[in-house]
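These are the residues of each chain, in order.
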Amino acid sequence: IHRAGTVLSEIHVDNIGKESVIRLVSDALHISPSQARLLANLVHSKTSGQPLFVIQFLKSLSDEGLLRFSLSSRQWQWDLDAISAKRVADNVAELMTAKMLRYPVEVLWSLKLAACLGHECDKTMLDLLGPGGGGSGGGNNGSTPISSGVPSIAEHLDVAVADGLIIKSGTSTKAVYRFSHDQIQYAAYSLIALDEQMALHLQIARVLFEKASPEELDGMLFVVLDQFGRGSPLLVDRSEKSRVAQLYSMAAKRSFSTFAHLSASIFALQGILLLDEDHWRTDYELALALYSTSAEAHNICGVFDQVETCANIVFAQARSFEDKLPAYFSLVQVTGMQRRLLDATNLGLDVLQKLGIILPANLDMKVAMAVIDQTRVVLEAIPAETLIGRKMQDAKALAAMKMLQLLCRYTFISRQQELMAVLMCRMVEMTVEHGICNESVIAFSHYGYITCNTGQLALGHKYGKLALSLLEQYEARAVLPSVYVNVYAQITPIDPVQAAFPQMDIAHNVAMAYGDFEGAHMCVNRGIAVRFFFGDNLSAIESSARKYIREMQKVQEENFCVSTSLFLQAVLNLMDPTCSDPSTLTGEVTNQTDVLEKAQQSNNTAIMIQVCRLRIYLLYLFGLDELAGELVESLMENFSIKRPFPNSGVVSTTFLTGLVAAMMARKKDPSKWMPIANACRGKIEVW
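Definitions and limits used
- Residues numbered from 1 in each chain as written.
- Predicted model: local features only at pLDDT ≥ 70, side-chain atom pairs only at ≥ 80, totals over all residues.
- Heavy atoms only, no water.
- Helix = DSSP H or I, 4+ residues; strand = E, 2+ residues; numbered from the N terminus.
- Rg over C-alpha atoms; globule rule 2.2 N^0.38 Å.
- Buried < 20%, exposed > 50% of the residue type's maximum accessible area, 1.4 Å probe, protein only.
- Contact = heavy atoms within 4.5 Å.
- Areas by Shrake-Rupley, 256 points an atom, 1.4 Å probe, with all protein chains shown as cover.
- Lys, Arg positive; Asp, Glu negative; His and termini not counted.
- Charge placed at Lys NZ, Arg CZ, Asp CG, Glu CD.
- Pairing = 2+ DSSP bridges.
- Axes fitted to C-alpha atoms, helices over the stretch in contact; angles between N-to-C directions.
- Patch = residues over 30% accessible without salt bridge, like charges linked within 9 Å, V, L, I, M, F, W, Y side chains within 5 Å.
- Salt bridge = Lys/Arg side-chain N within 4 Å of Asp/Glu carboxyl O.
- Expected span 1.5 Å × (residues − 1).
- Parallel < 35°, antiparallel > 145°, perpendicular 65-115°, else oblique.
- Left-handed = near helix turned anticlockwise from the far one by under 90°.
- Core = buried A, V, L, I, M, F, W, Y, C linked by side-chain atoms within 4.5 Å.
- Nonpolar A, V, L, I, M, F, W, Y, C, P; charged D, E, K, R; others polar.
- Phe/Tyr/Trp six-rings, centres within 6.5 Å; stacked < 30°, edge-to-face > 60°.
- Lys NZ or Arg CZ within 6 Å of the ring centre and 35° of its normal.

Time to look at the overall build of the protein. Across its full length, the protein carries 35 helices and five strands. A compact globule built from 687 residues would reach a C-alpha radius of gyration of about 26 Å, whereas the protein, at 34 Å, exceeds it by more than 25%. By its C-alpha atoms, the protein is 115 × 65 × 45 Å across when sized along the principal axes. Within the protein, the fraction of its 687 residues that count as buried is 50%. Of the contacts formed within the protein by residues at least 6 apart in sequence, a portion of 65% connects residues at least 24 apart. Accessible surface, the protein as shown: approximately 31500 Å² in total, 53% of it carbon and sulfur. Distance from the positive charge centre (60 side chains) to the negative charge centre (71 side chains) of the protein: 2 Å.

Next up, the structure:
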């Protein structure tokens, strides 16, 4: 947790001292501290002041008659010499073990079963294991059959409740039994012979699985699987393995639905380990579900090798292309997360082609603009109520929309603008043709982005607002991050930009909740960019950037981490009055030379342009116009910034380029710089 950068408050709890033990003994025996001192000092020396040890040691003295209440004198009495001579266990577990061995064999057996079930268990499980459900054993070792017999496991546990070993809560019919300390559970569990523990766990799992009703099994699914997991090496029957694997599949899907993706990945893998190759023939749906879920869950958890392994097995075994689609989605995502954006895009385009989605060949900006205009004509011909009143039902269309949205993200990051525009428009056209789905909400925000930033401001804002309205109307929370990125960080704003700042944090939190780490980090990276270029408190930007960089490092998100670190270094340079070269992005969190070298090696033009933009901004702020002019020339010479779909960085950089050019025109060579300044002014007017 520390390595992940989480802020922790640590509370160190020592054993209690002699004075505390004196007060404890004084309160427990209703005597004065001076009367309790000799006994308390002896108890402290025997237990070293470990609180649970102190309490259980006093109880053991009472059990053995060394501490007793005298009815005649109406006070507690004790034998200091006998207590001093008493052998004391080395730890609490040993003391508890000795105490438990004095219980009747039925009570001891019930404690062992409870310890197998974990820190706590409920009466439903205990009743199933008893004679009325599945039986309860009467022996004092792990080999006694569960079904052979005591009246009630819960009743026997009540003996331990009376002694304080177990805490009972709830009603009589829905009671919950919880060990009062983990050392007590450990002591009860240690009474089961090592070579019998695995068999007992498996026996418990079988009884619960066979005797529980569907509703009961649903409520104790994870407990049953824990028991099967601990006894799984003893599973040999193939049909039983299949039944248990089905339980793991259920648990994986349930965990996934509650965003417990790590648990989902573990459950899916445990289920897979119970299968053999022939299960693809005899239990096809089960094998497909486990491998597909495993790929999806491991993708979110960042275990890329496992994703590729599971996906390739699905591709080899699946009976239809439709059955392969979940694995394809996971593989495209994991390829994109590894920053193999062109590979991810090409794989996704192959899937779209198989789904019947045909895109224009020989894409260029002229074709892209024509597609944008064609989409506008299609939308204008459809009444709004008709457009949003029908839900998308076609399975292939739904799959295509999901893949189109993935590719929109990757073409945006890799700066394939023409393809990105066509993909966005195709999503809108499919919505018109097939009806609304979650991805349709994103599609309208995409269309708002590209129309707004090609000069059609009113149209762009119309579809941005439509996306926000549909987001609420359809409760499409899963796609909120993508919609917010477009509406609040991409569409040329009418409202003050600062109003959008909190929205990007909301988008990040929602994306994280859904396990979309890449989307979450895109949100905060765009948010930091907007805040930096358009104005926010520097300390606030610093705090946010540091928090999100730690988060990105945790999941090895390199690209957005590098970009966000550049923004953070620029902020630190602005905040440090002693910084001798504020325009160079080298310092506490990043090194400009290293970043540029890696970007050049990987042909990452986005990072190279970002470095150039940030430096132009810093040079202008510090009045270093000639150096800023040199960087403007380098930017124009080496990188095309004639983007028809500009984001906040492009808008801000164009504005700053115009300011630098105007300043340079006043200082020298106006014939060179004024055309640049006027060109920038023209772009700003359009945007």
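If you walk across this open sheet you meet the three strands as β3-β5-β4, and the pairing is antiparallel. Only two strands of the sheet have a single partner each, and these edge strands are β3 (120–122) and β4 (166–169). Taking the axes of each pair of neighbouring strands and ignoring which way they run, one obtains an average angle of 20° across the sheet. Relative to strand β5 (residues 176–179), β4 runs antiparallel, the two sharing four bridges. Residue pairing across strands places Lys 168 opposite Tyr 177, the latter belonging to β5.

Next up on the list: a nonpolar patch on the surface. Residues Leu 621, Phe 622, Leu 624 and Leu 627 make up a contiguous nonpolar surface patch of about 350 Å² in total accessible area. Structurally, Leu 621 can be placed in helix α32 (residues 605–621).

With 17 residues, helix α25 (residues 457–473) extends 24 Å between its outermost C-alpha atoms, agreeing within 8% with the 24 Å of an ideal straight helix rising 1.5 Å per residue. Buried within α25 we find Leu 459, Gly 460, His 461, Tyr 463, Gly 464, Ala 467, Leu 470 and Leu 471. Positive phi appears at Glu 475, one or two residues downstream of α25, with a value of about 50°.

Looking now at the packing of helix α28 (residues 517–534) against helix α29 (residues 538–554). Two numbers describe how α28 lies on α29: the axes approach to 11 Å, and their chain directions differ by 160°. Taken together, the axis directions place α28 and α29 in an arrangement best described as roughly antiparallel. Crossing geometry of α28 relative to α29 is assigned as left-handed. Where α28 approaches α29, its residues His 521, Val 524, Ile 528, Arg 531 and Phe 532 are matched on the opposing element by Ala 540, Ile 541, Ser 544, Ala 545, Tyr 548, Glu 551 and Met 552.

What follows covers the nonpolar core. One broad rule of soluble globular proteins: the nonpolar side chains tend to lie buried together. Core analysis: the biggest nonpolar cluster contains 194 residues, and Met 100, Leu 111, Leu 208, Phe 444 and Tyr 447 have the highest contact counts within it. No other element matches the twelve residues that helix α22 (residues 395–413) contributes to this core. Those residues in contact with Tyr 447 that sit more than four places away from it in its chain are Ile 372, Thr 375, Arg 376, Leu 379, Cys 425, Val 428, Leu 459 and Tyr 463. Membership of the second largest hydrophobic core comes to 16 residues, among which are Val 632, Leu 635, Ala 677 and Cys 680.

We now examine the packing of α22 against helix α23 (residues 417–434). Running from amino to carboxyl end, α22 crosses α23 at an angle of 160°, the nearest separation of the two axes being 9 Å. Considering their axes alone, α22 and α23 lie roughly antiparallel with respect to each other. For the pair α22 and α23, the crossing hand works out as left-handed. Together, Ala 397, Ala 400, Met 401, Leu 404, Gln 405, Leu 407, Cys 408, Thr 411 and Phe 412 of α22 and Leu 419, Met 420, Leu 423, Met 424, Arg 426, Met 427, Met 430, Thr 431 and His 434 of α23 make up the contact between the two elements. Class assignment of the residues belonging to the contact of α22 with α23 gives a composition of 13 nonpolar, four polar and one charged.

Turning our eyes to something else, we now look at α28. Helix length check: α28, at 18 residues, gives a terminal C-alpha distance of 26 Å against a target of 26 Å (1.5 Å per residue), a fit within 8%. Across the 18 residues that make up α28, a large majority, 17, are buried. Remark: Gly 535 follows α28 within two positions and exhibits a positive phi of approximately 110°.

Next up on the list: the side chain of Thr 293. Position of Thr 293 among the secondary structure elements: in helix α16 (residues 284–301). With relative accessibility at 13%, the residue Thr 293 sits in the buried group. If near-sequence neighbours (up to four positions away) are discounted, Thr 293 is found in contact with Ala 252, Lys 253 and Ala 268.

Following the sequence through the fold, His 434 ends up in helix α23. Judged by its relative accessible area of 23%, His 434 falls in the partly exposed class. The spacing of His 434 and Ala 599 is 165 residues in sequence and 42 Å in space, taken between C-alpha atoms. Beyond its immediate chain neighbours, meaning those up to four positions away, His 434 contacts Arg 390, Lys 391, Met 392, Gln 393, Asp 394 and Ala 397.

What follows concerns the pairing of β5. Residues Tyr 177 and Phe 179 of β5 are buried on one face, while the alternating residues Val 176 and Arg 178, pointing to the opposite face, are not. Taken together, β4 and the strand that follows it, β5, pair antiparallel across an intervening segment of six residues, in which Gly 170 is found at a positive phi of about 90°.

One pass over the full model with this rule turns up 16 aromatic pairs. Aromatic side chains Phe 69 and Trp 76 sit 5.6 Å apart centroid to centroid with 70° between the ring planes, which places their arrangement in the edge-to-face category. A relative accessible area of 25% places Trp 76 in the partly exposed class. Plain terms: the ring middles of Phe 321 and Tyr 328 are 5.9 Å apart, the flat faces sit at 45° to each other, and that makes the pair tilted. Between Arg 319 and the ring centre of Tyr 284, over which it is positioned, the NZ or CZ distance is 3.9 Å. Taking the ring centre of Phe 329 as reference, the NZ or CZ of Lys 402 above it sits at 4.5 Å.

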